[in-house]
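# Residue-level structure breakdown
As a plain string of letters, each chain reads:
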2 protein chains.
Amino acid sequence: MNTRDKIINIADKFFYEKGFENTSFADIAANLNISRGNFYHHFKTKDEILDEVIKQRLKNTQNMVDNWDLENENPAARLKTFVKILIRNQSKIMEFGCPVGTLCTELSKLNHKAQNDANELFILFQTWMVRQFNQIEIYENANKHAMHLLMRTQGMAVIANAFRDENFVQTEVDNACSWIDEIIEKEGKNVRNLS
Amino acid sequence: MNTRDKIINIADKFFYEKGFENTSFADIAANLNISRGNFYHHFKTKDEILDEVIKQRLKNTQNMVDNWDLENENPAARLKTFVKILIRNQSKIMEFGCPVGTLCTELSKLNHKAQNDANELFILFQTWMVRQFNQIEIYENANKHAMHLLMRTQGMAVIANAFRDENFVQTEVDNACSWIDEIIEKEGKNVRNLS
DNA sequence: GCAAAATTAGGACAATTGTCCTAATAATCA
DNA sequence: TGATTATTAGGACAATTGTCCTAATTTTGC
């Protein structure tokens, strides 16, 4: 891997674990055993690194949801796979929160110009979930349901991070999965796309 | 108001709006027209200011929920008053997120020693909500329900902050209020404390 | 194998950070 | 009033920040 990509990867990790503002060039340089001056050849500013980190996250996230489409037979299972991300990444989320939510929250406080770019990560999930609801012919409330699931996962991540309670996460993931079943039972129409 | 209290108040505001790390002594001093060196007489460290800010928030929050107890006739109305904080503080929450959630999130990334103190703000709400559920003789699931409502308000705040969508907030507050009604209808027993 | 380009190291830079000192001023109380 | 205490201003301090320069080194392409 070239130095540029190494910088992006470590920055991605540190921005998540320590926060953007609280991660310095020195932190990244020390971790990669490169000199601080070396950065300027690859990135003109720290903000430019952030831009690339967000771009990479967007790409990785898109790949992830694309795989969810392939790996699951129906929209219900896909939506549950989304919710269960809280279980799969449980330890990291309990330690550092949601990578998307905490970044957006921080950039909002910093009034940072990359706010909109970071929000695209949310919008990616939102758009993908709307499509899942549409596939079972839920159209009118598709966006509301997508936002609701987005809201729940963010709430779970914040509380999981503060309380560090595994049982809470499991309970709320189960709740959210039940909610998905209920909504589909009530509003879902396209039976071919249901299990 | 004395200088010490002025410092705490402005720090409280700035820690919320700009974040703890991103608020400097210089910011506070400039806003109060006092010299930077003056701080040391009142607080030995920045962390000490944070401690006082959290103490003040705990006191104010306790007063707030105490008033909710007096102003509402039954637990259902009280719990809804809690949820509707998202409406009452809508513009601030859309701009800066939830004061409790964003502080806990930031302190977690900073691995700051005041994490547990900040979490007490969450616990205050949790404890208060458990008491509301207990009053209508919901005991077994009281804590799960309290955590659920805490989770929902945090999720709403994160999404409201990122999307800045008033309709979303209104819709989800309504959803949460409906959820309260449903739970009470299913599990509530003490009819004297119901409307 | 040599010239051009890409990459890196090392450090200078001005600005800002939290902390802490000293001296001046204001308030308090006998 | 005069002495003591509380409060404040102003700046020093070492450390750290992001930025940017130059010179050395490595890689690349002919």
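Everything below is about the structure shown above.
This write-up is about the structure you can find in this document.

Each value, and the rule that gives it
Counting starts from 1 at the beginning of each chain's written sequence and moves along it residue by residue. Both sets of labels track the order of writing: A upward for chains, 1 upward for ligands. Where totals are concerned, whole chains, interfaces and linings use all residues; where local detail is concerned, this predicted model gives features only for residues with pLDDT of at least 70, and gives and counts side-chain atom pairs only at 80 or more. Side-chain metrics rest on all non-hydrogen atoms present in the structure, leaving aside hydrogens and water. We call two residues contacting when some pair of their heavy atoms lies within 4.5 Å. Buried area adds together the accessible area that both of two parts lose upon being put together, with accessible area traced by a 1.4 Å probe. Between Lys or Arg on one side and Asp or Glu on the other, a salt bridge is scored when a side-chain nitrogen of the former is within 4 Å of a carboxyl oxygen of the latter. Any N or O atom pair separated by 3.5 Å or less is treated as a polar contact, with the protein-specific requirement of one donor-capable and one acceptor-capable atom, and with residues adjacent in sequence counted only for side-chain atom pairs. Every helix listed is a DSSP run of H or I at least four residues long, and every strand listed is a run of E at least two residues long, numbered separately from the N terminus. Classification used: nonpolar for Ala, Val, Leu, Ile, Met, Phe, Trp, Tyr, Cys and Pro, charged for Asp, Glu, Lys and Arg, polar for all others including Gly. Residues reaching a pLDDT of at least 70 in both copies supply the C-alpha atoms on which the copies are superposed by least squares. Exposed residues in this analysis have more than 50% of their type's maximum accessible area, buried residues have under 20%, and partly exposed residues fall in between, with area computed by a 1.4 Å probe over protein chains only. A molecule or strand has a residue near it when one of that residue's heavy atoms lies within 4 Å. Buried residues of nine kinds, namely Ala, Val, Leu, Ile, Met, Phe, Trp, Tyr and Cys, make up a nonpolar core once their side-chain atoms join them within 4.5 Å. Two rings from Phe, Tyr or Trp (for Trp, the six-membered ring) form a pair when their centres sit within 6.5 Å of each other. Planes less than 30 degrees apart are called stacked, planes more than 60 degrees apart edge-to-face, and all others tilted. Remark: a charge is flagged as sitting over a ring if the NZ atom of Lys or the CZ atom of Arg is within 6 Å of the ring centre and within 35 degrees of the ring normal.

With that settled, consider the interface of chain A and chain B. Taken residue by residue, the interface counts 40 residues in chain A and 40 residues in chain B. Both faces combined, the contact of chain A with chain B buries some 3100 Å², and carbon together with sulfur accounts for 64% of it. If you look at where chain A meets chain B, you find zero salt bridges. At the surface where chain A touches chain B, the tally comes to 18 residue pairs in polar contact (both at pLDDT 80 or more). For the side of chain A that touches chain B, the secondary-structure elements that each account for two or more residues are helix 1 (3–17), helix 7 (90–96), helix 8 (99–109), helix 9 (115–135), helix 10 (142–163) and helix 11 (166–187) of chain A. At 14 residues, the largest contribution of residues to the side of chain A that touches chain B is made by helix 10 of chain A. Grouping the amino acids of the side of chain A that touches chain B by side-chain chemistry returns 16 nonpolar, 15 polar and nine charged.

A few words now on the relation of the copies chain A and chain B. Screw-axis analysis of chain A against chain B gives a translation of 0.0 Å along the axis, an RMSD of 0.0 Å, and a rotation angle of 180°. Viewed as a symmetry operation, the transformation between the two copies matches a two-fold axis. Closest to the rotation axis within chain A is the C-alpha of Gly-155 of chain A, separated from it by 1.8 Å. A share of 100% of the interface residues of chain A reappears at the interface of chain B, consistent with the copies meeting face to face through the same patch.

Attention now goes to the pattern of salt bridges. Residue and element names in this part refer to chain A. Under the counting rule described, the total for this entry stands at 18 salt bridges over all chains. Lys-13 serves as the salt-bridge partner of Glu-17, at 3.3 Å between the closest nitrogen and oxygen. On the criterion of helical spacing, the pair formed by Glu-17 and Lys-13 is a turn pair, its members being four residues apart in helix 1. Residue class for Glu-17 comes out buried when judged on its relative accessible area of 15%. Looking at Lys-13, the relative accessible area reads 39%, which means it is partly exposed.

To continue, consider the protein's contact with DNA strand D. Taken together, the neighbourhood of DNA strand D is formed by 18 residues, with Lys-46 of chain A together with Thr-3, Ser-35, Gly-37 and His-42 of chain B sitting nearest. A breakdown of the atoms of DNA strand D within 4 Å of the protein gives sugar and phosphate a share of 54%. A distance of 3.5 Å is found between a base oxygen of DNA strand D and a backbone nitrogen or oxygen belonging to Gly-37 of chain B. Here a phosphate oxygen of DNA strand D and a side-chain polar atom of His-42 of chain B are 2.8 Å apart. Put simply, the parts of the chain that give the surface near DNA strand D at least two residues each are helix 2 (25–32) of chain A together with helix 3 (39–42) of chain B. Split by residue class, the surface near DNA strand D holds four nonpolar, 11 polar and three charged.

On to the nonpolar core, then. Ranked by internal contacts, the top residues of the largest apolar core, which has 134 residues, are Phe-82, Val-83 and Leu-149 of chain A together with Phe-82, Val-83 and Leu-149 of chain B. Once residues lying within four places of it in the same chain are set aside, the contact partners of Phe-82 of chain A are Trp-68, Phe-125, Trp-128, Met-129, Leu-149, Leu-150 and Thr-153 of chain A.

What follows concerns the protein's contact with DNA strand C. Inspection of the region around DNA strand C gives 18 residues, with Thr-3, Ser-35, Gly-37 and His-42 of chain A together with Lys-46 of chain B positioned closest. When atoms of DNA strand C within 4 Å of the protein are sorted by moiety, sugar and phosphate together comprise 54%. A distance of 3.5 Å separates a base oxygen of DNA strand C from a polar atom in the backbone of Gly-37 of chain A. The side chain of Ser-24 of chain B places a nitrogen or oxygen atom 3.3 Å from a phosphate oxygen of DNA strand C.

On to the packing of aromatic side chains, then. According to the stated counting rule, one finds 16 aromatic pairs over all chains in the structure shown. Their ring planes at 40° and their centres at 6.0 Å tell us that Phe-122 of chain A and Phe-163 of chain B sit as a pair that is tilted. Here Phe-122 of chain A is found in helix 9, whereas its partner Phe-163 of chain B is found in helix 10 (residues 142–163) on a different chain. On the basis of relative accessibility, which here comes to 1%, the residue Phe-122 of chain A falls in the buried class. Overall, the relative accessible area of 22% leaves Phe-163 of chain B in the partly exposed class. Among the aromatic residues, those joined into a ring-pair cluster are Trp-68, Phe-82, Phe-125 and Trp-128 of chain A. Here the guanidinium or amino end of Lys-46 of chain A rests over the ring plane of Phe-20 of chain A, the centre of that ring lying 4.6 Å away. When the ring centre of Phe-14 of chain B is taken as origin, the NZ or CZ atom of Lys-18 of chain B, which lies over that ring, is 5.9 Å away.

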